[in-house]
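# Descriptive structure summary
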Amino acid sequence: VLCWFYVFPVYRLPSYEEIVDEVSRKGHVWQKNDTGIHVYRKLLEECCDPLRMFAVTKENSPIGKVLWYDGELYHSHTVSNETFPLFVQEPPLRRPPRRCVVVGNGGVLRHSGCGPEIDNADFVMRCNLPPLSKKYTEDVGIRTHLVTANPSIIEKRFQGLQMSRRAFVDSMRAYGSSYVYMPAFSMRPGTEPSLRAYHALADASSNLTVLFANPDFLRSVGAFWKGRGVHARRLSTGLFLVSLALGVCEEVTTYGFWPFETAPGPAQGPVSHHYYDNILPYKWFHAMPEEFLQLWRLHTSGTLRMHCQ
Ligand code: CDP
C-alpha cells in the first residue's frame, strides 16, 4: 500500500476558500523568472507551434487541405475556392510582440483601475467581443490588438447576421484595427456565421483583420493542458489566448482571470462573473478553477504575472 502511495501520490485540489486565501496573501508578490519563461515557450513551441499554427493561413491550409473540427468528432471542412481567399497569406505575428497582456472578462476587473496598465502593453488580447464603453475604460483599458469572437455571439447578439449587418459592423469599431480571431472550424454550426462575419466586415471596408482559429492548434493546446490536469470539455477562450501569448511573447500579464465568487484581498467581498454582467457559464463545459490553478502556478514560478487584485 505504501508503495502505491509513492507511485501515485494522492493530490487534493485546494478548496475554493484555500485558493482565495493564498492569492490574498501572496497575489501581489511576483518575481520574473527568465528560465521559466524560456522553458514554457519551448514547451509550447514543441507541442503547438503557435507562431505558425494559431491561425488558418494560405501557407498552412492550401486548397484541398482537410481541416478537422476540434470541437466535434468526424467532421471536417475541406479548404475550397470559396474559403481559401478568406485566409491571411502568412502567420500574422511574424515579429513577436514583447510585452503581451491577456484580458479575461472576470468581474474582478471592476474598480480595479487596471485600464492604463493594460493599454501600456505592446499587444493586448481580449476575449469574446467584450464591451469597451467609456464606463469601463478606467478598469479594462481601450486598446486591442486581438479579440476573439465566438460564432455563438454572432448568432445570439447579431441574429447570425442573417438580416442586418450594420449593428455588428458598428459595434466592431470598438476594436480599432485589431485581429478578430474566430473559431470558425471548431463546431459545424459556427462555420457559416463566421464566414458571414468575415464578409460583413470586408464589405464595409473595415480596418479589422479576421483570422480563423486553426483547429489543429486548438486541439494541440487542449491536449497540452489536459496533460497538466485541466479536465474540461473545452478550454476557456482565455486559456487559449494565454497559451498563444506564452508561446510567442517575451512577457505575459493576465488581468480579469478570477473564476470565484469572492474577491481576493483583505475585504473578500462578492464579485460578479464578468466585469459587465453576472451570467455564469455552463458548469460542465469549462474547468475555470482548474485552469486558474495552472495559471497561479505559473504566476508563483515567475513565468507569467497574474493580476488578481
Ligand atoms: O466564453 P468563455 O466562458 O470562455 O469566456 P468569458 O466568460 O467571455 O471570459 C473570457 C475568459 O476570461 C474566460 O475564457 C476565462 O479564461 C476568463 N475568466 C475568468 O478567468 N474568470 C471569470 N470570472 C470570467 C472569465
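Up top is the structure these notes are about.
Figured I'd write up the structure that's included with this text. (Residues numbered from 1 in each chain as written. Predicted model: local features only at pLDDT ≥ 70, side-chain atom pairs only at ≥ 80, totals over all residues. Heavy atoms only, no water.)

### Here's the deal with unusual backbone geometry
What is expected of a backbone is that most residues other than glycine have negative phi and most peptide bonds are trans. The backbone of Asp-49 shows a phi angle near 45°, a positive value even though the residue is not glycine. Among the secondary structure elements, Asp-49 is positioned in the loop between helix H3 (34-48) and helix H4 (50-53). The class for Asp-49 is partly exposed, based on a relative accessible area of 30%. Its identity as a non-glycine residue notwithstanding, Asn-128 has a phi of 60°, on the positive side. Position of Asn-128 relative to the elements: it lies in the loop between strand E4 (123-126) and helix H6 (134-140). (Helix = DSSP H or I, 4+ residues; strand = E, 2+ residues; numbered from the N terminus. Buried < 20%, exposed > 50% of the residue type's maximum accessible area, 1.4 Å probe, protein only.)

### Description of the site of the ligand
Looking at the ligand, there are 16 residues lining it, with Asn-128, Ser-236, Gly-238, His-273 and His-274 nearest. Here an oxygen atom of the ligand and a side-chain polar atom of Ser-236 are 2.8 Å apart. Between a nitrogen atom of the ligand and a main-chain N or O atom of Pro-259, the distance comes to 3.4 Å. Look at the ligand: alone it shows 500 Å² of surface, and the protein chains cover 90% of it. Of the residues in the shell around the ligand, the class split is 5 nonpolar, 11 polar and no charged. (Near = heavy atom within 4 Å. Polar contact = N/O pair within 3.5 Å; in protein donor to acceptor, adjacent residues only side chain to side chain. Areas by Shrake-Rupley, 256 points an atom, 1.4 Å probe, with all protein chains shown as cover. Nonpolar A, V, L, I, M, F, W, Y, C, P; charged D, E, K, R; others polar.)

### Here's the deal with the state of the cysteines
Two cysteines whose sulfur atoms are joined by a covalent bond form what is called a disulfide. Tallied over the entire structure, the rule returns 2 disulfides. Indicated for the protein is the disulfide connectivity 1-2, 3-4, based on numbering the bonded cysteines in sequence order. You can see Cys-127 has no disulfide; the closest cysteine sulfur is in Cys-100, sitting 14 Å from it. (Disulfide = S-S within 2.5 Å.)

### Describing the packing of aromatic side chains
In this structure the tally under the stated criterion is 18 aromatic pairs. Judged by centre distance (6.1 Å) and plane angle (85°), the rings of Tyr-40 and Phe-224 are edge-to-face. Note that Tyr-40 is positioned in helix H3 and Phe-224 in helix H10 (residues 215-226), a separation of 184 residues in sequence. Like Tyr-40, the residue Phe-224 is buried in the burial classification. With a centroid separation of 5.9 Å and an interplanar angle of 70°, the aromatic rings of Phe-185 and Phe-212 are classed as edge-to-face. Of this pair, Phe-185 sits in the loop between strand E6 (179-182) and helix H9 (188-203) while Phe-212 sits in strand E7 (residues 209-212), and the two are 27 residues apart along the sequence. Of the two residues, Phe-185 and Phe-212, both sit in the buried class. An aromatic cluster is defined as three or more aromatic residues linked by ring pairs; in this entry it consists of Tyr-69, Phe-84, Phe-87, Phe-185, Tyr-198 and Phe-212. Its guanidinium or amino end placed over the ring of Phe-224, Arg-228 lies 3.8 Å from that ring's centre, counting from NZ or CZ. (Phe/Tyr/Trp six-rings, centres within 6.5 Å; stacked < 30°, edge-to-face > 60°. Lys NZ or Arg CZ within 6 Å of the ring centre and 35° of its normal.)

### A few points about the side chain of Gln-294
Here Gln-294 is to be found in helix H12 (residues 288-300). Here Arg-228 takes part through its backbone oxygen, which lies 2.6 Å from a polar atom of the side chain of Gln-294.

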